[in-house]
Amino acid sequence: MTTILDKIIDKKREEVALLKQSALSYETDRTPVSFYDRVVSSKTMALISEVKRASPSKGDINLGVDPVEQAKIYADNGADAVSVLTDTPFFKGTMDDLKAVKANIPIPVLNKDFIIDEVQIDRAYASGGDIILLIAAALNDEEMNRLYRHSKEHGLDVLVEVHDEAEMERALKMEANIIGINNRNLHTFETNLSTTERLLRSYGKENAIFVSESGIKSQEDAIRLKEAGAKALLVGETLMRAGNVAKAVRSLKVDL
Ligand SMILES: O=P(O)(O)OC[C@@H](O)[C@@H](O)c1c[nH]c2ccccc12
């Protein structure tokens, strides 16, 4: 069965091939801002708030958004990082969104994309990204390790995303220090917060920061995930649709 994730990755291979042909060189020298350090010393549950115009599961979410204005509201109201979706064909985001956001906020920025090659990491680094996403469901062990090391060589934090026990084992084996538990199954799009609860019952004592991702709507959800052992949340759609974004951000910042 070809799933949406397979389709996205196929398309991403074309994009990467073009990117390599364009032979841009991404030499820059900057020191990324650490999300890990910020979370380790935080007394509240950390919040990664996302700029997401559209998605394959929800269609158009908020096409009129100004990414910079949205990110500023996030940062001003206590978000610990801003995630910017940069995939264009499926999420209607761009690398320019990431650059613009980075230029306007002091907190770390996550380049949310389907990373399959070093060239994307170099581009993220040069564009101001501080955190890279590596999705276990889209990469084998060799790829994950290689891309993880490449990111670390640039001083980038890496969020390793898992959805089940087997992927969690792989993330722990490579000693990922930030592990995202995606409540959404990227093959079927089903979202269930009990995914975080189940995985943290088995692995919550392991030495990593656990981020619960997707499908988070309310302060009750945040508290439930805190009780499960998550130290951070990744929230997109709820914030992109909120009538009062500032208030929505503040309501998701709960004490640990
Ligand atoms: O909009 P939500 O349900 O709050 O989800 C945010 C984030 O977790 C989601 O965008 C996401 C998690 N992992 C991904 C991987 C690729 C693209 C998107 C994602």
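Just above sits the structure.
Residues numbered from 1 in each chain as written. Predicted model: local features only at pLDDT ≥ 70, side-chain atom pairs only at ≥ 80, totals over all residues. Heavy atoms only, no water.

Looking at the element boundaries, valine 160 is found in strand S7 (residues 157-162). Residue valine 160 is classed as buried on the basis of its relative accessible area of 0%. Apart from the residues within four sequence positions on either side, valine 160 is in contact with Leu134, Met144, Tyr148, Ala171, Met174, Ala176, Ile178, Ile179 and Gly180. (Helix = DSSP H or I, 4+ residues; strand = E, 2+ residues; numbered from the N terminus. Buried < 20%, exposed > 50% of the residue type's maximum accessible area, 1.4 Å probe, protein only. Contact = heavy atoms within 4.5 Å.)

Residues of helix H8 (residues 194-203) that are buried: Thr195, Thr196, Leu199, Leu200 and Tyr203. Seen along its axis, H8 keeps its buried residues to an arc of 115 degrees; they face one direction. (Arc of directions from axis to C-beta.)

This brings us to the pattern of salt bridges. Scanning all chains against the criterion turns up 22 salt bridges. Linking aspartate 80 and arginine 38 is a salt bridge whose minimum nitrogen-to-oxygen distance equals 3.0 Å. With a gap of 42 residues between them, aspartate 80 in the loop between helix H3 (67-76) and strand S4 (81-85) and arginine 38 in helix H2 (residues 35-40) connect regions that are remote in the sequence. Classification of arginine 38 as partly exposed rests on a relative accessible area of 33%. Measuring nitrogen to oxygen at the nearest pair gives 2.8 Å for the salt bridge that ties arginine 241 to glutamate 237. Taken together, the positions of arginine 241 and glutamate 237, both in helix H10 (residues 237-241) and four residues apart, correspond to about one turn of that helix. For arginine 241, a relative accessible area of 45% gives the class partly exposed. (Salt bridge = Lys/Arg side-chain N within 4 Å of Asp/Glu carboxyl O.)

Around the ligand, a shell composed of 17 residues is seen, among which Glu50, Lys52, Glu161, Ser214 and Gly236 lie nearest. The contact in question runs from a nitrogen atom of the ligand to an N or O atom on the side chain of glutamate 213, over 3.5 Å. If the ligand stood free it would expose 440 Å²; the protein chains cover 98% of that surface. Those elements that provide at least two residues to the shell around the ligand are strand S6 (131-135) and strand S10 (232-235). For the shell around the ligand, the class distribution of residues is six nonpolar, four polar and seven charged. (Near = heavy atom within 4 Å. Polar contact = N/O pair within 3.5 Å; in protein donor to acceptor, adjacent residues only side chain to side chain. Areas by Shrake-Rupley, 256 points an atom, 1.4 Å probe, with all protein chains shown as cover. Nonpolar A, V, L, I, M, F, W, Y, C, P; charged D, E, K, R; others polar.)

Within strand S9 (residues 209-213), five of the five residues are buried, which leaves the element mostly enclosed by the surrounding structure. Here S9 shows a buried face lined by Ile209, Val211 and Glu213 and a second buried face lined by Phe210 and Ser212. Where strand S8 (residues 178-182) meets S9, five bridges bridge the pair, whose relative direction is parallel. From the neighbouring strand, isoleucine 178 faces S9, where its bridge partner is isoleucine 209. For the handedness criterion, the β-α-β arrangement of S8, H8 and S9 is classed as right-handed. (Pairing = 2+ DSSP bridges. Right-handed = clockwise from strand over helix to strand, strands pointing away.)

Turning next to the sheet that holds S10. As summarised here, the arrangement of the eight strands in space is S1-S4-S5-S6-S7-S8-S9-S10, forming a closed barrel in which the pairing is parallel. Between one strand axis and the next, the sheet turns through 25 degrees on average, direction left out of account. With four bridges joining them, strand S1 (residues 46-51) and S4 adopt parallel strand pairing. When the sheet's bridge partners are listed, serine 49 is paired in S4 with valine 82. Each of S6 and S7 is contacted by helix H6 (residues 141-153), which is oriented at about 155 degrees to S7, the strand it contacts most. (Axes fitted to C-alpha atoms, helices over the stretch in contact; angles between N-to-C directions.)

Let us look at the packing of aromatic side chains. Applying the stated rule across the entire model yields one aromatic pair. Over the aromatic face of tyrosine 125 sits the side chain of arginine 30, whose NZ or CZ is 5.4 Å from the ring centroid. (Phe/Tyr/Trp six-rings, centres within 6.5 Å; stacked < 30°, edge-to-face > 60°. Lys NZ or Arg CZ within 6 Å of the ring centre and 35° of its normal.)

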